[in-house]
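Fold and geometry: a report
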Amino acid sequence: MKYRNFLNSIFINSNAKLDKKKIIEELSNNFNLSTSDADFVFTELTSKSSPILHEKFENLLGPATGKYWYSDYIIEDRLERLKKEIESITLKYH
């Protein structure tokens, strides 16, 4: 979650949607990264295994818009679920 403050600063509210180019530019500037390194971080932030940034779609079945959004609430909810899963597994095997 080292990118949390950064993401909260560029996604100024829950309605903010940014394109990939803008996010990579901000990552590069904010963390002093090369463009390729910033692109790698972007890929990690949007990976299907742990999506932190979500792509915006026109509607439920519509095409992707190429814009991304971020929600601190969703991240908090996922972290809480993961903690509960870890506690459950720990109790089960100890």
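Look up: the structure comes first, before these words.
Described in the following lines is the structure provided in the data block. (Residues numbered from 1 in each chain as written. Predicted model: local features only at pLDDT ≥ 70, side-chain atom pairs only at ≥ 80, totals over all residues. Heavy atoms only, no water.)

1. What to know about the sheet that holds strand 1 (residues 18–19)
- Here three strands make up an open sheet; going across it, the order is 1-3-2 and the pairing antiparallel. Two strands close off the open sheet at either side, each with one partner strand: strand 1 and strand 2 (53–57).
- The pairing of strand 1 with strand 3 (residues 64–70) spans two bridges and is classified as antiparallel. In the sheet register, Leu18 faces strand 3, and the bridge partner there is Tyr68. (Pairing = 2+ DSSP bridges. Helix = DSSP H or I, 4+ residues; strand = E, 2+ residues; numbered from the N terminus.)

2. Section: the packing of helix 2 (residues 20–31) against helix 3 (residues 35–45)
- The interhelical angle for the contact between helix 2 and helix 3, taken along N-to-C directions, is 115°, at an axis separation of 9 Å. In terms of crossing hand, the pair formed by helix 2 and helix 3 is right-handed. Contacts from Lys20, Ile23, Ile24, Leu27 and Ser28 of helix 2 reach helix 3 at Thr35, Ala38, Asp39, Val41, Phe42 and Leu45.
- Taken together, the residues of the contact of helix 2 with helix 3 sort by class into seven nonpolar, two polar and two charged. (Axes fitted to C-alpha atoms, helices over the stretch in contact; angles between N-to-C directions. Left-handed = near helix turned anticlockwise from the far one by under 90°. Contact = heavy atoms within 4.5 Å. Nonpolar A, V, L, I, M, F, W, Y, C, P; charged D, E, K, R; others polar.)

3. Comments concerning helix 3
- Among the residues making up helix 3, those that are buried are Ala38, Val41, Phe42 and Leu45. Projected down its long axis, helix 3 carries its buried residues within an arc of 105°, all on one side. Facing away from the buried side of helix 3 by more than 90 degrees, the exposed set consists of Ser36 and Phe40.
- Each element contacted by the buried residues of helix 3 is listed here: helix 2, strand 2 and strand 3. (Buried < 20%, exposed > 50% of the residue type's maximum accessible area, 1.4 Å probe, protein only. Arc of directions from axis to C-beta.)

4. Concerning the pattern of salt bridges
- A full pass over the atoms with the stated rule returns six salt bridges.
- Note that Lys20 is salt-bridged to Asp39, the shortest N-O span being 3.6 Å. Of this pair, Lys20 sits in helix 2 while Asp39 sits in helix 3, and the two are 19 residues apart along the sequence.
- The exposure class assigned to Lys20 is partly exposed, which follows from its relative accessible area of 36%. (Salt bridge = Lys/Arg side-chain N within 4 Å of Asp/Glu carboxyl O.)

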